[in-house]
Amino acid sequence: MISIENVSKSFPGVRALDDVSFTIQDGEVHGLVGENGAGKSTLIKILSGIYPDYEGSISFNGSVKRFNSVHEAQQGGIATIFQELTVIKDLSVAENIFLGREPMRRFGMLDWGVMREKSEEVLRFLDTLLNPRETVGNLSVANQQIVEICKALVLNSKIIIMDEPTSSLTEHEVHQLFLTIRRLKERGITILYVSHKIEEIFEICDSITVFRDGKHIGTVEKSKTSHDEVISMMVGRSMNMMFPPRTAHRGGLLLSVRGLTRRGEFEGVSFDLHEGEIIGFAGLIGAGRTELARALFGATALDGGEIELYGEKIGYFSHPNRAISRGIAYLSEDRKGEGLMLELSIKENISLSILKKISPYFFVQGSRERELVQSFVSKFKIKMTSIDQIVESLSGGNQQKVIISKLLLTESRVFIFDEPTRGIDVGAKYEIYKIMNDLTAEGKGIIFISSELPEVLGISERIFCMREGRLVQEYSREEAEPEKVMKVLTGGNAA
Amino acid sequence: MNGETSRLGPLSSLRRLFQVREAPILIYIIIMIAVFSVTINGFFSMKNFEIISRQITTIGIVSIGMTLVILTSGFDLSVGAILSFAINIGGQGIVLGWPIWIVYPFMLILGVILGWINGFLITRLAVPALIITLGTMNIYRGITMVITKGVYITPIPSVYQVIGNGYIPFVFFAAVLGFFIYVTLTTRFGRNIFAIGGAEQSALYSGVPVRRYKMIVYIISGFLSALSGLILVGKSGFVQPQAGLGYELNAIAAVVIGGTSIFGGSGSVLGTFLGSVMLGIILAGLTMLAVNPYWQGLITGILIVLAITLDSIRYLRR
């Protein structure tokens, strides 16, 4: 039993955790939910030894312990699987599992036999077919996560903390992960499952703790609560609608692609996008959706196919700035690597895509820039101190709004949104759906890529199922039932 | 900076001053000048400041180009080699008796061409700029040595020495400095190089022509290296094949000590200027104190390690 008693943690200017107390029972899957900035990560870092300085105490089966390093926490039986996996891609599965505690023979030689044997043992326990000799870099993210879990098992961890474990998994892989979690539970391992995906929490957890603004709002047993109750605990208000009602009407043809092909990534992809329309691309990770979006946007070259934009045949875009100048904007799934410059200000980030417009004679017109940026910032209610604030210090949802502002300034007509709601909290998600809705109401078209099936089905007019680089099925919103779509995505035949 | 300052009183404006990236180094410089002025007779004199200004000019101009390169997350190890190539190969024009108004542009164009080659290779090959310019550095120097066979060009006509007289080198330095401070802070090009260094893919997806700007940055670096070469020739009165040896490392030192992030995306041209001033003052002070010259390398090294430590702390804090 882990008792967290009156734990507080402050950073300059912020009280990240404020007098938090709750208990995690042995052998349960304990869900920890809360919007971004609620204090979940801070608690994880305290438990896993990264932040040894905190007020209050944490006791394990009655004895108070304070870990000064990740290593100490591991010795104490706590393993943490962070959202950013810590596997080393160039090493094999077995080497990763034993990283830092490799079994040795005499003269400091590695004992490969024991490493493989024990690796196979834990892999078998988790029911996976992974080969201990396989290089981890060749594995899917889901399987890399399995390797992390194996690491924890070899350490004989009693408690495994999982931080947003499904953020880059597809629905099918999430299902696999849940099977694994249930096995761990059978073995008596306690799991602290940190997520903001309510559906998952309800599927896998026995009890649920809710944080908001660094405070403990409550701990409830799953059987005695409801989605709505937990969501209202999280956001401090009740939210019965997940998706805003769609108000846009379908207009003329914006974009029409036929037989788009890029070898090794996707093949023969054809679809149309109309004004006022959101078309959803559903698929497992690796189905080729992001690759398709990149090629369409001119970030990579196409090997074949035709693109027709606003009724005019065009070749391929040789550079993203050509696509932008013709009115196509792309929001990448990788917010930090392909969307933002973290150390630049909100203003500099937002105006980047339209510098050409506001610097007609090469010099940036400062007042015009501030004016434009300010108007978007207030329109989207981005929480900040000023537009000169560094983007890095914003929450995930607000960062996403910065990127969207940047894209909207380009006055594009076709938007490609690739996982726009990944890693952001419920309230911010709703706002992003609303922005998408507003855009289409103005006659813009949106290509919407998401690995979260409910949202694809929830706001798209038409749903394209992509599998292994091909569009295998198209559904209208009425036809698309989750089970049916899932079956198509995972390789079954269309019903 | 805005209304808040006055409302919060003088203490807060002092704190604000410290938040300016260049403030700490400016304060160190003032302290060093004060200490040396008190301890060394004749340190605080126009003559000495002229000497220091002349000393920092050539590397200073090179390090401004280097700043732009490093801001884009790049590197240019070939600056010294370009300098040497420009004045030695261009200097063949002096040997042939060409007029100065052809020789000077010729030298500068050579710098531009070599910079263009760097940029071309860096934007086309998936190899870090550090390695590519390590290669071109050796190639450029190799060609220079093969063609000149290691022979100095001397004597040279006195018109080539005009640019090296008195404060003239520093005037060039100041002009280049002012121009690039202005360019980095107010132009589209300036904004874009910060963006490229901050996150290249993000910049690309925002429509920034990443390749073109990276090319331009290396071309500027090549051009400024050649310009620095002209001034070096003016100051020394001859053209030597080994010119510019070690400039790349000293330039990087000035950039890093000046607070520009080695990871790209943040920093300033003004900081680099202060970095070169600081190195110049240390050099002058230690020379006048008759300190063994080996100490100078040691101190420069410590400053670099300190600056990089601060930078990586900032970077890792993310």
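Reading the values: rules and limits
Residues numbered from 1 in each chain as written. Chains lettered and ligands numbered in written order. Predicted model: local features only at pLDDT ≥ 70, side-chain atom pairs only at ≥ 80, totals over all residues. Domains from an automatic or database assignment. Contact = placed C-beta atoms within 7 Å. Helix = DSSP H or I, 4+ residues; strand = E, 2+ residues; numbered from the N terminus. Nonpolar A, V, L, I, M, F, W, Y, C, P; charged D, E, K, R; others polar. pLDDT = per-residue confidence, 0-100. Axes fitted to C-alpha atoms, helices over the stretch in contact; angles between N-to-C directions. Parallel < 35°, antiparallel > 145°, perpendicular 65-115°, else oblique. Pairing = 2+ DSSP bridges. Expected span 1.5 Å × (residues − 1). Buried ≥ 20, exposed ≤ 12 C-beta atoms within 10 Å, placed from the backbone.

**Details of the domain arrangement of chain A**
Residues and elements named next belong to chain A.
(1) Moving on: One can read the domain layout of chain A as domain 1 (2–235) and domain 2 (253–489).
(2) Moving on: Distance from the C-alpha centre of domain 1 to the C-alpha centre of domain 2: 32 Å.
(3) Moving on: Between domain 1 and domain 2, the residue contacts involve 14 residues of the former and 15 residues of the latter.
(4) Moving on: If you list the elements that add at least two residues to the side of domain 1 that touches domain 2, you get helix H6 (171–186) and helix H8 (227–235).
(5) Moving on: The element that contributes the greatest number of residues to the side of domain 1 that touches domain 2 is H8, accounting for three residues.
(6) Moving on: A per-class count over the side of domain 1 that touches domain 2 returns four nonpolar, eight polar and two charged.

**Focus on the confidence of the model for chain B**
Caution applies to low-pLDDT parts of the model: their predicted coordinates are not meant to be read in detail.
(1) Moving on: Here chain B averages 89 in pLDDT, and 92% of its residues register 70 or above.
(2) Moving on: Predicted confidence for residues 1–9 of chain B stays below pLDDT 50, and this span has four contacts to residues more than four positions away or in other chains.

**So, the interface of chain A and chain B**
(1) Moving on: Taken residue by residue, the interface counts 26 residues in chain A and 21 residues in chain B.
(2) Moving on: Secondary structure elements with two or more residues in the side of chain A that touches chain B: helix H10 (320–325), helix H11 (335–338) and helix H13 (355–358) of chain A.
(3) Moving on: Top element by residues in the side of chain A that touches chain B is H10(A). It accounts for three residues.
(4) Moving on: The residue makeup of the side of chain A that touches chain B, split by class, is 13 nonpolar, seven polar and six charged.

**Here we look at the packing of helix H3 (residues 46–71) of chain B against helix H10 (residues 210–236) of chain B**
Residue and element names in this part refer to chain B.
(1) Moving on: At their nearest, the axes of H3 and H10 sit 8 Å apart, and the two run at 175° to each other. Between H3 and H10, the angle falls in the class roughly antiparallel. Facing H3, whose interface residues are Arg 54, Thr 57, Thr 58, Ile 61, Val 62, Ile 64, Gly 65, Met 66, Leu 68 and Val 69, H10 presents Val 217, Tyr 218, Ile 220, Ser 221, Leu 224, Ser 225, Leu 227, Ser 228, Ile 231, Leu 232 and Lys 235.
(2) Moving on: Looking at the contact of H3 with H10 residue by residue, the classes come out as 13 nonpolar, six polar and two charged.

**Considerations on the sheet that holds strand E19 (residues 462–467) of chain A**
Residues and elements named next belong to chain A.
(1) Moving on: Strands sit in the order E16-E17-E18-E13-E19-E20 across an open sheet of six strands; the sheet is mixed. Of all the strands in the sheet, the pair left with one neighbour each is strand E16 (328–331) and strand E20 (470–476). Each adjacent strand pair in this sheet contributes to an overall mean axis angle of 20°, direction not counted.
(2) Moving on: Strand contacts of helix H18 (residues 482–489): strand E13 (278–283), E19 and E20, with the helix running at about 30° to E19, the strand carrying the most contacts.

**A short note on helix H5 (residues 100–124) of chain B**
Every α-helix carries 3.6 residues per turn, so stepping three or four residues along brings you back to the same face.
Residue and element names in this part refer to chain B.
(1) Moving on: The end-to-end C-alpha separation of H5 is 36 Å, in line with the 36 Å expected for 25 residues at 1.5 Å each.
(2) Moving on: Taken together, the buried positions of H5 are occupied by Val 103, Met 107, Leu 108, Leu 110, Gly 111, Leu 114, Gly 115, Asn 118, Gly 119 and Ile 122.
(3) Moving on: For H5, the secondary structure elements touched by its buried residues are helix H4 (79–95), helix H6 (129–148) and H10.

**Quick word on the sheet that holds strand E12 (residues 266–274) of chain A**
All names here are of chain A.
(1) Moving on: Read from one edge of the open sheet, four strands run E12-E11-E14-E15, paired in antiparallel fashion. Of all strands in the sheet, those with a lone pairing partner are E12 and strand E15 (312–314), marking the two edges. Ignoring which end each strand starts from, the neighbouring axes of this sheet average 15° apart.
(2) Moving on: Examined bridge by bridge, strand E11 (residues 253–262) and E12 share six bridges and lie antiparallel to one another. The partner of Ser 256 across the bridge, within E12, is Asp 272.
(3) Moving on: Those strands touched by helix H9 (residues 289–296) are E11 and E12, and its axis lies near 115° from that of E11.

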